[in-house]
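Spelled out from the first residue to the last, the chains are:
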Amino acid sequence: MSANRSLQVSLVALSAVCVPSGAFAQTQLPTITVGHVHAITHSHGGKTHTHALYHTHVIPAPRAVTPVVVAEANDGFDSSAQQNTALGPRIDYPAPPKDMPSSSERFFTGGQVNTIPSFRPGEALEVVPGLAVTQHSGEGKANQYYLRGFDLDHGTDLALYLDSMPLNMRTHGHGQGYSDANFVIPEMLAYVDARKGPYNVEDGDFSNAGTIRMQYLQKVPQGVFSTTGGAFGYGRVFGMKSWEYAGGDILGGGEISTYDGPWLIPNNARKINGVLRWSRGEENNGMSITGMAYANRWTSTDQVPLRAFDSGFSRWGSLNPTDGGDTTRFSLSSRWAQETASYRTKVEAFAMHSTLDLFNDFTYFLAHPVIGDQFRQFDRRTMIGGNAYHTLKFNFLDDKESELKFGVQSRYDDIRVGLQDTVRRMPYDTVRNDHVGEGNISLLTDLKTKWAPWLRTVVGARWDYYWGSNQGLQAYWDSPLFPGVDSPGFNSANPFRIYTAPFNSGTSNAQLISPKASVILNPWDDKTDFYLNFGRGFHSNDFRATTQRFATSEVADDLGYIPVRRQGLLSPSTGAEVGVKTRAIDKLESAATLFFIQTAQENIFEGDSGNTVIARGADRIGVELSNHYRPLSWLAFEGDVTATHARFRGYDKDQADLFVQLLQPGAIEWGAWQSNMPGNYLVNATPIVATGVLELGEATGWFGNFKYRYIAPRALTQDGFLKSPAIGTVNGRVGYRWKEGWKLQLDVFNMFNSRSQQIAYGYGSLLPTDPLFQACIGALNAPTTNAVCGVGQMGVVGHPIEKVSWRLTFGGPLDFDARTTKGPDLTEPFNLVKFWE
């Protein structure tokens, strides 16, 4: 039986087994740690504190593994670029680098990225082993990321780049390191290079957990288009094409998409996105100029306390139908590179302007029992920067092949950023409104030496210098009232305003030296390599935390300002790992890595609240296992597991003080103390992320892909009392590719209708149906305290995974001359399989 006929038989069998069925649906509600928002009002030491802390944490979404030609990613394994038909027409993708310095680094071509179905653009990055990408607040907000026991929020410790432009936003309105990947067009990717840990000198800010560098294609042999329709109002049209122009090539691409989702309040997400590039030569020997434009708007159904479902609230309902946002991004970048036998040079420059407005309500009626807790975060920024690298190739000690690299990186952000309290998207006070200018210059160098056929080393260091200024623009008449207009004790005749702008302005600077080192051993043959890596990394902190002198949302009993401690601008980490990559078994590629990461501090500044929070440092130790097996040209398997033990160091005195207050009469009866004990659990750190992928298909004919992803339960509070359930989902794809480049495919997401949560958090909130809410506003005769009313009803808050959904895509070559395009033979996929031949 031919491979294609065998594949047809396999697909028929798999489709019969994988049809969604209630008998296989996961009934357990898996949890994901979600950002939390809590307002706390309590008295101690003669001071009255009102905290409005809006935390947005990332939930681990299972990482997707790509099962195509992963062997090419292995260091020292020679492979050449090949064409791939994942998009339908054949696309030329680059070969992976041959000298990867760590066992955890992986290289994926754009074809591999597009082999596995992804629900959102950011989820395409789940090809990276151990990386979980999820979403909890609409289709335009940045994803939340998990990697190596890091709750990365929206990118605090994971550096993302596209065409060498940094995606992480410093001093951002929603969260430090905010990385919006919704504008990335997966079909246009040439490759994704994923590095774990801070071991490469080119990787600086936000690289504690790792760095992911994405690169778009230079050109395509023929145009590509696709149109997709699916469940819950999903629609998308994509196209890209190349032309020769001015001695080079123009690549144009774009997409338009819509999506409502299963929510009772439709997402009404509307996105438009475009890329235009002119290039000459190759990436390492040529030049390019690229422009990008993107706009998106949406309504979001945010996370809901799971206790609301017990009273009949719909899993698809919203507690605030006006939550949502809009964003834009425009960029221009350029690159020039040259490589000869004796040197390699690359120069890059970029400019970007972006806007973001977010409206969220995570605590409902905790801080404002009448008008609700919705707030607006806004960010307007212009970023400019550039990089330059020069590498000399020479022989050290006459016969030791060596490369000496020098480089400089620089970036400056001009930022208007702030936080406002709102009702139905209408601001009524301004907690913060700042104009921040923040820049850096970084110098780096490393030396690569091949001491023997079985021994290579890389040693280097980088120096980072950061500086900036912050000018508070908050107007007195816009500053928050204390108490609030809907709070007991409000004095309309003589209101007190928390006006802090003049006192929280200033300048700051910091510098850091980060050494790096790697050793690569190949003691036996060219099939097995061993790796030792060490490096210092860091993330920058929100610049506002470095100049802040007083809290922006709390006052003392005498209505005086509460001092806060200024934070440093740079927070370092130390990482090390040992690992192995091998192809000792025919057609099986395996990697194993043992890693350790120690951070000096975890979270420094909460942009959601305008408050500084000192978080202890933490230790993470873990192991990664990755396997890719292709026994036949049309059959491949991939299995990856990452297990991490993550804990805070030291003791949280502030949490202990709150715990004591919750044990007092009037508070202990409500049980909030049970999840507010001081502890060392790293909140929302994923202990296990696992993925399994089955891939079927040749370049043409029938094909299929099935992916299972799992995330183990996680601690949602530092005492470990609240935990998230496990997450397990299956996505599948079945389709047919014609040799002329046409493609028809069906994607099914959450095939077995798992009732998991995309994201889950553990924190306090208040709903009008909560007895504690009634007691706190005086409608119920029950004892309470300021502390327990400030914390609210503790519990798990989650955002469910969308129910079973499907998307049907038809695509093919994009040729404006219909006379040269041959359409697909629609009867070809249904030709009878003659098993007897």
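Note that the structure is a prediction, hence the values are computed from the model and not measured. (Residues numbered from 1 in each chain as written. Predicted model: local features only at pLDDT ≥ 70, side-chain atom pairs only at ≥ 80, totals over all residues. Heavy atoms only, no water.)

Caption draft 1: Spatial organisation of the environment of T290. Considering the arrangement of structural elements, one finds T290 in strand β19 (residues 285–299). Put simply, T290 and L276 are 14 residues apart on the chain and 5.8 Å apart in space, counted from C-alpha to C-alpha. Those residues in contact with T290, other than ones at most four positions away along the chain, are D163, V275, L276, R277, S331, L332 and S333. A polar side-chain atom of T290 sits 2.7 Å from a polar atom in the side chain of R277. (Helix = DSSP H or I, 4+ residues; strand = E, 2+ residues; numbered from the N terminus. Contact = heavy atoms within 4.5 Å. Polar contact = N/O pair within 3.5 Å; in protein donor to acceptor, adjacent residues only side chain to side chain.)

Caption draft 2: Spotlight on the side chain of T809. Within the secondary structure, T809 is located in strand β45 (residues 805–814). Judged by its relative accessible area of 7%, T809 falls in the buried class. Only 2.8 Å separates the side chain of T809 from the side chain of T228, close enough to count as a polar contact. (Buried < 20%, exposed > 50% of the residue type's maximum accessible area, 1.4 Å probe, protein only.)

Caption draft 3: Structural detail: the sheet that holds strand β7 (residues 144–147). Pairing in this open sheet of 3 strands is antiparallel, and the strands run β6-β7-β8 from one edge to the other. This sheet does not close on itself; its edge strands, each paired only once, are β6 (132–134) and β8 (150–151). As judged from the 2 bridges shared by β7 and β8, these two strands associate in the antiparallel manner. Bridge pairing in β8 places Y146 opposite D151. (Pairing = 2+ DSSP bridges.)

Caption draft 4: How the structure looks around helix α5 (residues 653–661). Every buried residue of α5 is listed here: Q655, A656, L658, F659 and Q661. Two or three places before D654, at the start of α5, stands the capping residue D652, its side-chain oxygen 3.3 Å from that residue's backbone nitrogen.

Caption draft 5: Broad picture of empty space enclosed by the protein. Within this structure, the stated rule accounts for 13 cavities of 30 Å³ or more. By volume, the largest cavity amounts to about 620 Å³. Surrounding the largest cavity, 39 residues form its lining, S118, E187, Y234, R236 and R807 being those nearest its centre. Looking at side-chain class alone, the lining of the largest cavity contains 16 nonpolar, 12 polar and 11 charged residues. Within this model, the second largest cavity holds a volume of roughly 230 Å³. If you go around the second largest cavity, you meet 23 residues; those closest to its centre are Y161, P166, R170, Q409 and R411. Only β9 (158–162), β23 (375–396), β24 (400–423), β25 (426–452) and β26 (455–472) provide two or more residues apiece to the lining of the second largest cavity. (1 Å grid on protein atoms, 1.4 Å probe; cavity = no way out; pocket = protein on both sides within 12 Å on 5 of 7 lines; lining within 4 Å. Points joined across faces, edges and corners; volume = space filled by probe spheres on them. Nonpolar A, V, L, I, M, F, W, Y, C, P; charged D, E, K, R; others polar.)

Caption draft 6: Broad picture of the pattern of salt bridges. The tally for this structure, following the rule as stated, stands at 42 salt bridges. Across the salt bridge formed by E139 and R120, the nearest N and O atoms sit 2.8 Å from each other. Within this pair, whereas E139 is found in the loop between β6 and β7, its partner R120 is found in the loop between α2 (110–113) and β6, the two being separated by 19 residues in sequence. R120 shares its class with E139; the two are buried. Between K653 and D657 there is a salt bridge, and its shortest N-O distance comes to 3.2 Å. With K653 and D657 both in helix α5 and 4 residues apart, the pair spans about one turn of that helix. (Salt bridge = Lys/Arg side-chain N within 4 Å of Asp/Glu carboxyl O.)

Caption draft 7: Representation of unusual backbone geometry within the structure. Of note, the phi angle at F232 is positive, near 60°, even though the residue is not glycine. Here F232 is to be found in the loop between β15 (223–230) and β16 (234–245). F232 sits in the partly exposed class, given a relative accessible area of 25%. Positive phi, normally seen in glycine, also occurs at N750, with a value near 55°. Within the secondary structure, N750 is located in the loop between β42 (743–749) and β43 (757–765). Here N750 falls in the buried class, since its relative accessible area comes to 4%.

Caption draft 8: A nonpolar patch on the surface, seen in detail. There is a patch of nonpolar side chains on the surface, built from L532, V578, L594, F596, I621, V623, L625, V641 and I688 and spanning about 670 Å² of accessible area. Breaking the nonpolar patch down by element, the ones donating at least two residues are β34 (588–599) and β37 (618–632). For the nonpolar patch, the leading source of residues is β37, giving 3 residues. Examined against the element boundaries, L594 turns out to sit in strand β34. On the basis of relative accessible area, L594 is assigned to the partly exposed category, the value being 44%. (Patch = residues over 30% accessible without salt bridge, like charges linked within 9 Å, V, L, I, M, F, W, Y side chains within 5 Å. Areas by Shrake-Rupley, 256 points an atom, 1.4 Å probe, with all protein chains shown as cover.)

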